[in-house]
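So the chains spell out like this:
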Amino acid sequence: MAVISYIEAITQALKEEMERDENVFIMGEDVGKRGGVFQATKGLYEEFGQKRVIDTPLAESAIVGVGIGAAMYGMRPVAEMQFADFMLPATNQIISEAAKTRYRSNNDWSVPLTIRAPYGGGVHGGLYHSQSMEAIFANVPGLKIVMPSTPYDVKGLLKASIRDPDPVIFFEHKRAYRLIKGEVPDEEYVLPIGKADVKREGEDVTVITYGLAVHFALQAAEKLAAEGISTHVLDLQTVYPLDKETVIEAARKTGKVLLVTEDTKEGSVISEVAATIAENCLFDLDAPIRRLAAPDVPPMPYAAPLEKTCMLQPDQVEHAIRELAEF
Amino acid sequence: MENRHQALGFSDQDVLKMYEIMLTARRIDERLWLLNRAGKIPFVVSCQGQEAAQVGAAFALNREKDYVAPYYRDFGLVLAWGMTVREMMLNNFAKAEDPNSGGRQMPGHFGYRKLRMLTHSSPVTTQNPHAVGIALAAKLRGDDIVSFVTFGEGSSNQGDFHEAANFAGVHKLPVIFMCENNHYAISVSLKQQFACDHISDRAKGYGMFGKTFDGNDPLAAYEAVKEAADRAHRGEGPSLLEADCYRLTPHTSDDNDMTYRTKEEVATAKKHDGVMTFADYLRSLGILTEEKEKEMEERIRKDIDESTDYAEKAAFADPESVFRYVYEEKD
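What counts and what doesn't
Residues numbered from 1 in each chain as written. Chains lettered and ligands numbered in written order. Predicted model: local features only at pLDDT ≥ 70, side-chain atom pairs only at ≥ 80, totals over all residues. Pairing = 2+ DSSP bridges. Helix = DSSP H or I, 4+ residues; strand = E, 2+ residues; numbered from the N terminus. Axes fitted to C-alpha atoms, helices over the stretch in contact; angles between N-to-C directions. Contact = placed C-beta atoms within 7 Å. Parallel < 35°, antiparallel > 145°, perpendicular 65-115°, else oblique. Left-handed = near helix turned anticlockwise from the far one by under 90°. Nonpolar A, V, L, I, M, F, W, Y, C, P; charged D, E, K, R; others polar.

Things to note about the sheet that holds strand E11 (residues 231–235) of chain A
Residues and elements named next belong to chain A.
- Sheet architecture is open: 5 strands sit in the order E9-E11-E10-E13-E14, paired in mixed fashion. Of all the strands in the sheet, just strand E9 (197–200) and strand E14 (290–294) have a single pairing partner and so form its edges. On average, adjacent strands in this sheet sit at an angle of 25 degrees to one another, irrespective of strand direction.
- Relative to strand E13 (residues 257–264), strand E10 (residues 205–209) runs parallel, the two being bridged by 3 bridges. Each residue of the ladder has a partner; that of Thr206, found in E13, is Val257.
- In the packing of helix H11 (residues 269–280) onto the sheet, contacts are made with E10, E13 and E14, and the angle to E13 comes to roughly 155 degrees.
- Relative to the sheet, helix H13 (residues 314–326) contacts E10, E11, E13 and E14, its axis offset from that of E14 by approximately 165 degrees.

This is the structure we're talking about:
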């Protein structure tokens, strides 16, 4: 098994899928010669040529909309949004079109399109290069939203997204790109979309989260183990539709639940997780459900101290777990 | 009148067929208003005044191979493309057998994969990038097809119009954008919609071929679309065409157009109605005889009567079916 970075897992998944299926192609801003502003498509232009790694005009609605048309023709486009923050011009194409095509045509047409988008803060990106955009799309039936945390999950889930018969938004944490490394098997594998994954077994407190915050939870769990606090960590992986069964199981296991997101709190993905637990696990709970999220201000200012105030910090996760354990 | 269709390669039979489809679209539309006013269907969105451009355009394309992305007024286009009168009526009665959406969408929201007709929504102009995507995919696969998309002039002000046209221009894709300029975006008139003389003037900005033609003349539509299709097949990229039409009815059955235009204006436009003027053309050449016209009207009426009856009696989709096809279902 090789150890690779989060972003290398993306490049590998794209490369292998393009080798496997000639219908797979990439389109987006700077994805060609430049290899992507983050280098996620590095080397693919050289390997597959400009017909399959297409530099598009700077126009997000067209990148998604043209991708939808190509998908309807039978291709498997992977459309890159340079930053998740810049997806909003494409929202109509994503919500009104990609998400509803199968439904509105009564299963006649479908859109097997993957939309990749780097999200997340802590990179001095200011208000428009730091946001978490998942909540905007997380009540749109017809979409699937995947937000992996490790290189292993990235590779297996990106491949699954490209092979999926329906539109998938694949959010990649940009701070995780080079920060997070992990083992990835040499042989081919694909992971299931729609399944949460237990990242650590524990008995006292359940943490349910996704993306970069999974690593904060795992670090905290390791530290707290020394204090005798056993933490169960569930990684949602797919934030829409939710894997409700696994969420309920994880909540029941300890009866004390901490939900973590780096998104702003109100109306976030974890609010739905909280509602699911409240509906199903009331008599299994030993403490109120606790949510840890960014403050409800536009995320997130550029200046370092301001950014730090808005960005989820690992020690906050640790404190919250300890408090719940002591409840 | 001078015979214009022969030079375009059409037989008398061809132009009679062309006229019959235009007339069928018109007669369906008229029937829908009656059904609406009789309380049988909740909503009508009309094609009247645009049939000539729609049908003429369809005749210029390869109806066995090419892709179309229509919009909600395209009765003439979809009929020419192979949709039946019965299917049109099933669509308007929103019944389970409607091939467009099985009653899920409002009427006139076409889509039929068997006919290579893309499904579309109500937020306008979203179909333009899709048509470009079809052309891009076909080019990647080396398929020699044309992707044809239609929209109103109101739609031509949307961002998706620009983004799609620019993308198609840059990649020299075989797309034909045909704007059906019916002079109104619901109540908003042309002067309040755009400041150039013609929508087709914008073609230059996208590095593509542009042309405005008389939208009341199916032969003019044929010529323009044929020229655009020939260019597309030769690898010369997309075209932006503009059919100068007029919307003869209110926007929909829920609109009152007398709040923003006059009876006189509509009456003047009706003098140029393509269904009427093309009939005059065919009559003057002795192609549409009194007998043929009578037969045609009877044939159309019978088809519409039977189709209406069938659609009215047909079943709605099972209420439980609302849960289906959000995502792919295995088996």
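Topic: the sheet that holds strand E4 (residues 76–80) of chain A
All names here are of chain A.
- Across the sheet, which stays open at both edges, the 7 strands sit in the order E3-E2-E4-E5-E7-E6-E12 with mixed pairing between neighbours. Bordering the open sheet on either side are strand E3 (53–55) and strand E12 (238–240), each of which pairs with just one other strand. The average undirected angle you get between the axes of adjacent strands in this sheet is 25 degrees.
- When strand E6 (residues 144–146) meets strand E7 (residues 168–173), the two strands line up parallel, connected through 3 bridges.

Things to note about the environment of Val15 of chain B
- Relative to the elements of secondary structure, Val15 of chain B occurs in helix H1 (residues 12–37).
- Distance in space between the C-alpha atoms of Val15 of chain B and His5 of chain B is 7.4 Å, their sequence separation being 10 residues.

Focus on the packing of helix H4 (residues 85–92) of chain B against helix H10 (residues 290–313) of chain B
All names here are of chain B.
- Running from amino to carboxyl end, H4 crosses H10 at an angle of 40 degrees, the nearest separation of the two axes being 8 Å. By the angle class used here, H4 and H10 are oblique. Considering only the axes of H4 and H10, their crossing is right-handed. In this structure, H4 contributes Val85, Arg86, Met89 and Leu90 to the contact, and H10 contributes Asp303, Ile304, Ser307, Thr308, Tyr310 and Ala311.
- In terms of residue class, the contact of H4 with H10 is made up of 6 nonpolar, 2 polar and 2 charged.

Describing the interface of chain A and chain B
- Each partner contributes residues to the interface: chain A has 36 residues there, and chain B has 32 residues.
- Residue assignment for the side of chain A that touches chain B shows that the elements contributing at least two residues are helix H3 (60–73), helix H4 (91–98) and helix H5 (101–104) of chain A.
- Counting residues per element, the side of chain A that touches chain B draws most heavily on H3 of chain A, at 10 residues.
- When its residues are assigned to classes, the side of chain A that touches chain B shows 14 nonpolar, 15 polar and 7 charged.

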